[in-house]
Amino acid sequence: GQQVMQIPQYQHVQEGEDFTTYCNSSTTLSNIQWYKQRPGGHPVFLIQLVKSGEVKKQKRLTFQFGEAKKNSSLHITATQTTDVGTYFCAGPDSNTGKLIFGQGTTLQVKP
Amino acid sequence: KAGVTQTPRYLIKTRGQQVTLSCSPISGHRSVSWYQQTPGQGLQFLFEYFSETQRNKGNFPGRFSGRQFSNSRSEMNVSTLELGDSALYLCASSFDAQMGTGELFFGEGSRLTVL
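Structure report, in brief.

What counts as what
Residues numbered from 1 in each chain as written. Chains lettered and ligands numbered in written order. Predicted model: local features only at pLDDT ≥ 70, side-chain atom pairs only at ≥ 80, totals over all residues. Heavy atoms only, no water. Helix = DSSP H or I, 4+ residues; strand = E, 2+ residues; numbered from the N terminus. Rg over C-alpha atoms; globule rule 2.2 N^0.38 Å. Buried < 20%, exposed > 50% of the residue type's maximum accessible area, 1.4 Å probe, protein only. Polar contact = N/O pair within 3.5 Å; in protein donor to acceptor, adjacent residues only side chain to side chain. Contact = heavy atoms within 4.5 Å. Buried area = accessible area lost by both parts, 1.4 Å probe. Salt bridge = Lys/Arg side-chain N within 4 Å of Asp/Glu carboxyl O. 1 Å grid on protein atoms, 1.4 Å probe; cavity = no way out; pocket = protein on both sides within 12 Å on 5 of 7 lines; lining within 4 Å. Points joined across faces, edges and corners; volume = space filled by probe spheres on them. Nonpolar A, V, L, I, M, F, W, Y, C, P; charged D, E, K, R; others polar. Pairing = 2+ DSSP bridges. Axes fitted to C-alpha atoms, helices over the stretch in contact; angles between N-to-C directions.

A tally of regular secondary structure across chain B gives 0 helices and 11 strands. Ordered by position from N to C terminus, the α and β elements of chain B give β-β-β-β-β-β-β-β-β-β-β. Its C-alpha radius of gyration of 13 Å places chain B within 12% of the 13 Å reference for a compact globule of 115 residues. Each of the three principal axes of chain B carries a C-alpha extent, and together these read 35 × 25 × 25 Å. Counting all 115 residues of chain B, 50% fall into the buried class.

And the structure:
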């Protein structure tokens with residue numbers, strides 16, 4: 001079946017360092033969504049990308065959708081302790097539309 | 001605007017029992033999805049309901065079932081509980097009629113522990 005994979009699984013950074021998580025799908029996606037889950041919390045929607053090659057920014061966060069619409073990345077510039085959490089990408093199954101989540105990348109930030 | 005409400009938040013059951021979890025979506029949202037979250041498996045899709053109809057189902061055994069009522073509230077039931085069913089069960093609602101196209105709003109989840 002369709003798979004969405006994320007790397008790395010874990011990332012520890014010093015506050016102020018940059019962070020990137022990568023998402024790859026086994027099939028072409030109509031769109032890709034990103035969510036953030038704080039420790040002990042629930043996933044919260046960050047953004048949706050739809051167009052091939054699309055790049056969107058939210059303050060220190062930069063989201064990119066690949067040209068082939070099979071991969072995506074989330075880059076955080078100058079991490080802060082408030083960035084701690086697990087970042088998930090998710091894409092719709094090409095046959096059913098159900099949203100398939102990647103395994104997530106857990107970010108730890110040392111102050 | 002009230003968010004997605006899930007009850008109960010925490011529950012402990014023993015093997016063989018059954019459990020019912022409830023989810024009240026955001027007002028106006030007709031799509032409700034359920035996910036199981038475990039440390040090893042991440043977020044696994046259980047099923048999705050739209051206007052009282054199950055539109056999608058994940059790869060879970062028949063012990064997992066759900067339904068949606070006319071007011072869009074949804075319940076999921078797990079019968080004959082197994083230890084491996086211990087997880088955080090997340091409900092998410094969406095305004096979009098077409099699944100996979102819009103933002104999901106998640107509830108706080110129901111944390112189930114099976115002893």
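Residues and elements named next belong to chain A. Its place among the elements puts glutamate 54 in the loop between β5 (44-49) and β6 (55-58). Overall, the relative accessible area of 16% leaves glutamate 54 in the buried class. One polar contact links the side chain of glutamate 54 to the main-chain amide nitrogen of valine 50, over a distance of 2.7 Å. Those residues in contact with glutamate 54, other than ones at most four positions away along the chain, are Leu49, Phe63, Gln64 and Phe65.

The interface is formed by 22 residues belonging to chain B together with 16 residues belonging to chain A. Across the interface of chain B and chain A, roughly 1,500 Å² is buried in total on both sides, 51% from carbon and sulfur atoms. A per-residue breakdown of the area chain B buries against chain A is headed by Leu43(B), Gly100(B) and Phe106(B), which together make up 30% of the total. Taken together, the links from chain B to chain A amount to 0 salt bridges. Taken together, the connections running from chain B to chain A amount to 6 residue pairs in polar contact (both at pLDDT 80 or more). Counting only elements with at least two residues in the side of chain B that touches chain A, the list comes to β4 (31-38), β5 (42-50), β6 (53-57) and β9 (87-94) of chain B. Per element, the largest residue contribution to the side of chain B that touches chain A is 4 residues, and it comes from β5(B).

Take the environment of Ser72(A) next. All names here are of chain A. Its place among the elements puts serine 72 in strand β8 (residues 71-76). For the pair serine 72 and serine 25, spaced 47 residues apart in the sequence, the C-alpha separation amounts to 8.7 Å. When residues no more than four places from it in sequence are discounted, the contact partners of serine 72 are Thr21, Tyr22, Cys23, Ile32, Trp34, Leu49, Gln64 and Phe65. At 3.0 Å, the side chain of serine 72 and the side chain of tryptophan 34 are in polar contact.

Looking now at the layout of surface pockets. In this structure, the largest pocket spans a volume of roughly 660 Å³. Forming the boundary of the largest pocket are 30 residues, of which Gln37(A), Thr86(A), Gln37(B), Thr38(B) and Pro39(B) lie nearest the centre. Every element with two or more residues in the lining of the largest pocket is listed here: β9 (85-92) and β11 (105-110) of chain A together with β4 and β9 of chain B. Its residues assigned to classes, the lining of the largest pocket shows 9 nonpolar, 17 polar and 4 charged. What the second largest pocket holds in volume is close to 470 Å³. Taken together, 18 residues form the lining of the second largest pocket, with Gln2(A), Lys98(A), Ile100(A), Gln44(B) and Asn59(B) sitting closest to its centre. Counting residues per element, the ones that place at least two in the lining of the second largest pocket are β1 (4-7) and β10 (99-101) of chain A together with β5 of chain B. Looking at side-chain class alone, the lining of the second largest pocket contains 9 nonpolar, 7 polar and 2 charged residues.

All right, on to the sheet that holds β8(A) then. All names here are of chain A. Read from one edge to the other, the open sheet built from 5 strands follows the order β1-β3-β8-β7-β6, with strand pairing classed as antiparallel. The two strands at the open ends of the sheet, each matched to only one other strand, are β1 and β6. On average, each strand axis in the sheet is tilted by 15° relative to the strand beside it, whichever way the strands run. Of the strand pairs in this sheet, strand β3 (residues 19-25) and β8 are connected by 6 bridges, and their pairing is antiparallel. Considered in β8, the bridge of threonine 21 is made with leucine 74.

Interpretation in functional terms is not warranted from these geometric data alone.
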